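Architecture at a glance
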Amino acid sequence: MMQSDDLVATSIRPRRSVLYMPGANARALDKARTLPCDAIILDLEDAVAADAKAVARDQVVAAVSEGGYGYRELIVRVNGLDTPWGADDVQAVAGLPVQGLLFPKVETTAQIDDILAAVDAAGAQSLPLWFMVETPQGVLNIRDLALRTKRLSCLVMGTSDLVKELRARHTESRVNIAYALQHCVLVARACSLDILDGVHLDFRNQVSFRSACEQARAMGFDGKTLIHPTQVDLANEVFGYDAEAVTEARAVLAAWEAAQAGGKGVAVLDGKLIENLHAAEAQRTLAFAEALSTR
Ligand code: COA
Ligand code: MG
């Protein structure tokens with residue numbers, strides 16, 4: 001059984017709302033400095049047309065160098081190393097003050113070795129890496145991919161590409177991709193990695209967006225990748241903890257600590273059994289709230 005000493009403070013980086021921003025869109029690059037999202041993915045890949053790749057790269061370098069993004073975690077999504085732009089993207093952005101580089105369509109460990117070599121050669125030997133899982137190979141190989149490098153910090157589902165590659169269709173229930181999504185969450189949890197759900201394309205529909213967020217939250221996702229500013233508040237709400245949850249967590253922890261001090265392994269709060277797992281969950285909730293409040 002876990003003792004109170006085992007409840008070590010966890011350091012948590014909230015990633016409830018992670019907004020893609022097309023690198024070619026100067027207005028969006030500026031706008032993101034004021035949005036309440038936890039992280040921003042400055043995109044050089046899918047959101048940027050081939051003839052705008054160089055401009056997008058220059059604009060992203062300029063925007064990050066200028067700064068002003070505050071607490072928001074900054075990630076750059078580069079093009080794959082098998083494209084005409086990937087190597088130049090890595091060279092251009094690896095030295096920027098960003099918290100990670102996101103690589104698209106990661107499928108094999110050989111690809112990861114190439115990514116590590118490219119990022120290291122660009123002089124960023126300790127820069128965290130994020131991988132997109134968005135193909136059948138990626139989903140099937142995810143455990144090997146997740147274990148390849150300790151520099152991996154976060155997995156990101158690319159549900160639009162996945163649906164395309166599966167020759168499936170976008171459905172509101174997402175029952176057709178639930179197996180793939182849950183498999184990836186399972187691996188992420190087993191490997192102590194964060195994992196983010198894919199984007200909701202019908203971005204003006206708050207009803208279907210809420211239901212997609214709640215489904216992802218129930219599956220265990222840490223947050224949702226977003227495409228539009230109007231999605232940020234709802235993602236923050238669904239993937240976060242409200243004041244009531246924080247109060248409840250405090251009560252759970254207090255009851256459990258009192259039980260421990262009295263030599264008991266379990267406690268009862270409002271007629272419900274509190275065990276060490278509930279205490280650990282409560283502690284995570286409080287650490288999450290603390291991480292948000294200290295921004
Ligand atoms: N990040 C930051 N700001 C954004 C934004 C984003 N992803 N999307 C829109 N905005 C800004 C606009 O610049 C505009 O700002 P302003 O009113 O201060 O000038 C405001 O939000 C409203 O935008 P709106 O007119 O409603 O959006 P739109 O119709 O011009 O564009 C999309 C809609 C979907 C094309 C656009 O949101 C977008 O490009 N999203 C990202 C797509 C992407 O990154 N895809 C790759 C990953 S799947
Ligand atoms: Mg993609």
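All of these numbers come straight from a predicted model, not from anything done at the bench. (Residues numbered from 1 in each chain as written. Chains lettered and ligands numbered in written order. Predicted model: local features only at pLDDT ≥ 70, side-chain atom pairs only at ≥ 80, totals over all residues. Heavy atoms only, no water.)

Topic: the nonpolar core
The condition is simple: Residues belong to one nonpolar core when they are buried, are Ala, Val, Leu, Ile, Met, Phe, Trp, Tyr or Cys, and are joined through side-chain atoms within 4.5 Å. For every residue, the accessible area (1.4 Å probe, protein chains only) is compared with the maximum for its type, and the residue is labelled buried under 20%, exposed over 50%, or partly exposed between those bounds. Labels follow the DSSP assignment, with helices taken as runs of H or I lasting at least four residues and strands as runs of E lasting at least two, numbered in each case from the N terminus. In what follows, residue pairs with any heavy atoms lying within 4.5 Å of each other are defined as contacts.
Ranked by internal contacts, the top residues of the largest apolar core, which has 68 residues, are Leu42, Val76, Phe103, Val119, Phe131, Leu155 and Phe221. Counting residues per element, this core draws most heavily on helix α8 (residues 178–190), which supplies 6 residues. Dropping the residues within four chain positions of it, Val76 is found in contact with Leu42, Leu44, Val60, Val93, Val98, Gly100, Leu101 and Leu102. Tyr20, Ala39, Leu102 and Val199 belong to the second largest nonpolar core, which has 12 residues in total.

Observations concerning the domain arrangement of the chain
Stated formally: Boundary definitions for the domains trace back to an automatic or database domain assignment.
Domains assigned within the chain are domain 1 (17–239) and domain 2 (243–294). Taking only C-alpha atoms, the centre of domain 1 and the centre of domain 2 are 33 Å apart.

Brief notes about the packing of aromatic side chains
For the record, the criterion: Between the rings of Phe, Tyr and Trp (Trp by its six-membered ring), a pair exists once the centres lie within 6.5 Å; its type follows the angle of the planes, with under 30 degrees stacked, over 60 edge-to-face, and the other angles tilted. Only Lys NZ and Arg CZ are tested; either one counts as a charge over a ring when it is within 6 Å of the ring centre and within 35 degrees of the ring normal.
The tally for this structure, following the rule as stated, stands at 1 aromatic pair. Summarising the aromatic geometry, the rings of Tyr241 and Phe288 are spaced 5.2 Å apart at their centres and angled 75° between planes, so their arrangement reads as edge-to-face. Taken together, the positions of Tyr241 in the loop between α10 (232–239) and α11 (243–261) and Phe288 in helix α12 (residues 276–293) put the pair 47 residues apart, joining distant regions of the chain. Residue classification places Phe288 among the buried positions, given a relative accessible area of 6%. Seen from the ring of Trp85, Lys53 lies directly overhead, with NZ or CZ sitting 4.9 Å from the centre. Across from the ring centre of Tyr71, 4.7 Å away, lies the NZ or CZ of Arg72, which sits over that ring.

Re unusual backbone geometry
Of note in this structure, Arg174 is not a glycine but carries a positive phi near 60°. The residue Arg174 is located in the loop between α7 (159–165) and α8 in this model. Residues other than glycine seldom take positive phi values, yet Asp270 does so here, at roughly 50°. For Asp270, the position within the fold is in the loop between β9 (267–269) and β10 (272–274).

Topic: the confidence of the model for the chain
As a reminder of what qualifies: Each residue carries a pLDDT score, the predictor's own confidence in it, on a scale running from 0 to 100.
With 97% of its residues at a pLDDT of at least 70, the chain reaches an overall mean of 95. Low pLDDT (under 50) marks residues 1–9, which in the prediction has 19 contacts with non-local residues, meaning those over four places away or in another chain.

What about a nonpolar patch on the surface?
We apply this condition: Candidate patch residues must exceed 30% relative accessible area and have no salt bridge, after which like charges are joined if within 9 Å and Val, Leu, Ile, Met, Phe, Trp or Tyr side chains if within 5 Å. Only the protein chains shown count as cover for residues, and all accessible areas are computed by the Shrake-Rupley method using a 1.4 Å probe. By definition, a salt bridge exists where a carboxyl oxygen of Asp or Glu is found within 4 Å of a side-chain nitrogen of Lys or Arg.
A contiguous nonpolar patch, built from Val266, Val268 and Leu273 and spanning about 260 Å² of accessible area, is present on the exposed surface. Within the secondary structure, Leu273 sits in strand β10.

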